[in-house]
Amino acid sequence: MSTADPRVEAFYARPVQEVAAALLGCTLAHAGCSGRIVEVESYHEEEPACHAFGGQTPRTAVLFGAPGLAYVYRSYGIHALINAVAEADGVGAAVLIRALEPIEGIEEMRARRGLERPEDLCSGPGKLTQALGIGLDLNGAALTDGPVRILPAAGRPAEPVAGPRIGITRAVELPWRICDATSRCVSRPWPQAMRRRRAA
DNA sequence: CATGGGATTGACT
DNA sequence: GTCAATCCCATGC
């Protein structure tokens, strides 16, 4: 089934929230470093928190591009954040990758981050791009077949928990953040549903 | 051409 | 809890 495999474009060519849910548990890999995706957020051109809201600009062109592309942009002048472009070509929608559980290349991640604890290496959208060495040069690259790739879910199954998105000022009511309750590498604040639960 | 605003993080009170 | 760092780009004169 093609929609279960993030190595094909069809995986991304469906409603963005469906793509977001399917990405939990998948592996994000770049240059020998990789991690299990444990937190994501959906963004869509029809809601005002999305960069694509209000139309296409040079900055957001990739968001409107083919499904399966990487949309990488600079946040607060400091951090690079990576998204997986979703839905049909021409529709501005993407899934922000917010946290990973480190799998491969942990020593390299420690060196890039200047930290030791595995749960501190990729537990935030700006942290994981720094840990994996993902920069703005990867904006527009194909996640299906490029330097940054997303591989099928493996290992333990994810336990999805939804909540409001982080760090936005508009459309704050939409529960478009999804975390894997089985991971301790999720960024803060933890969703309500995770606080009473024991993360593995 | 000048200005303002972030899909964040880490340091500090 | 508060707050500054720092850069790309959208908007407006």
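Our structure's up above, just so we're on the same page.
(A) Geometry of the protein's contact with DNA strand C. The environment of DNA strand C is formed by T57, P58, R59, R74, Y76, G77 and I78. In the interface set of DNA strand C, defined as its atoms within 4 Å of the protein, sugar plus phosphate atoms amount to 59%. Taking T57, its side chain carries an N or O atom lying 2.6 Å from a phosphate oxygen of DNA strand C. Interatomic distance of 3.1 Å between a backbone N/O atom of G77 and a sugar or linking oxygen of DNA strand C. Split into classes, the residues belonging to the surface near DNA strand C amount to 3 nonpolar, 2 polar and 2 charged.

(B) Examining the layout of surface pockets more closely. In this structure, the largest pocket spans a volume of roughly 540 Å³. When residues of the lining of the largest pocket are traced back to their parent elements, those giving at least two are β2 (33-44), β3 (70-75), β4 (79-85), β5 (93-104) and α4 (125-132). Considering each element in turn, the lining of the largest pocket owes the most residues, 4 residues, to β3. In terms of residue class, the lining of the largest pocket is made up of 13 nonpolar, 7 polar and 6 charged. One number sums up the size of the second largest pocket: a volume of about 220 Å³. Every residue along the wall of the second largest pocket is listed here: R98, R117, E119, D120, S123, K127, R184, V186, S187, R188 and W190. Its residues placed into classes, the lining of the second largest pocket shows 2 nonpolar, 2 polar and 7 charged.

(C) Focus on the protein's contact with DNA strand B. Taken together, 20 residues are adjacent to DNA strand B, and H51, Y73, N83, R113 and G167 come closest. Sugar plus phosphate: this is where 52% of the atoms of DNA strand B within 4 Å of the protein reside. Between DNA strand B and the protein, one listed contact pairs a phosphate oxygen with a backbone N or O atom of G126 at 3.0 Å. Mapped by element, the contributors of at least two residues to the surface near DNA strand B are β3, β4, β5 and α4. In the surface near DNA strand B, the residues fall into 9 nonpolar, 8 polar and 3 charged.

(D) View of the side chain of T182. For T182, the position within the fold is in the loop between β8 (177-180) and α5 (192-195). A polar atom in the side chain of T182 sits 2.9 Å from the side chain of R156. Within polar-contact distance, the side chain of T182 engages the side chain of D180 at 2.8 Å.

(E) A look at α4. Where burial is concerned, most of α4 is hidden: 6 out of the 8 residues are buried. Of all the residues in α4, the buried ones are P125, G126, L128, T129, A131 and L132. Where α4 is buried, its residues touch β1 (27-30), β2, β4, β5, α2 (106-113) and α3 (118-121). Looking one or two residues beyond α4, the residue adopting positive phi is G133, at roughly 75°.

(F) A look at the nonpolar core. Of all hydrophobic cores here, the largest spans 34 residues; its most connected members are L23, L28, V40, I82, I97 and I150. Broken down by secondary-structure element, the contributors of at least two residues to this core are α1 (16-23), β2, β3, β4, β5, α4 and β6 (148-151). Not counting residues up to four positions away in its chain, the partners in contact with L28 are C33, S34, G35, I37, I97, L100, L128, L132, I134, V148, R149 and I150. Counting residues in each nonpolar core, the second largest holds 16 residues, with Y43, F64, L81 and L96 among its members.

Conventions we followed
Residues numbered from 1 in each chain as written. Chains lettered and ligands numbered in written order. Predicted model: local features only at pLDDT ≥ 70, side-chain atom pairs only at ≥ 80, totals over all residues. Heavy atoms only, no water. Near = heavy atom within 4 Å. Polar contact = N/O pair within 3.5 Å; in protein donor to acceptor, adjacent residues only side chain to side chain. Nonpolar A, V, L, I, M, F, W, Y, C, P; charged D, E, K, R; others polar. 1 Å grid on protein atoms, 1.4 Å probe; cavity = no way out; pocket = protein on both sides within 12 Å on 5 of 7 lines; lining within 4 Å. Points joined across faces, edges and corners; volume = space filled by probe spheres on them. Helix = DSSP H or I, 4+ residues; strand = E, 2+ residues; numbered from the N terminus. Buried < 20%, exposed > 50% of the residue type's maximum accessible area, 1.4 Å probe, protein only. Contact = heavy atoms within 4.5 Å. Core = buried A, V, L, I, M, F, W, Y, C linked by side-chain atoms within 4.5 Å.

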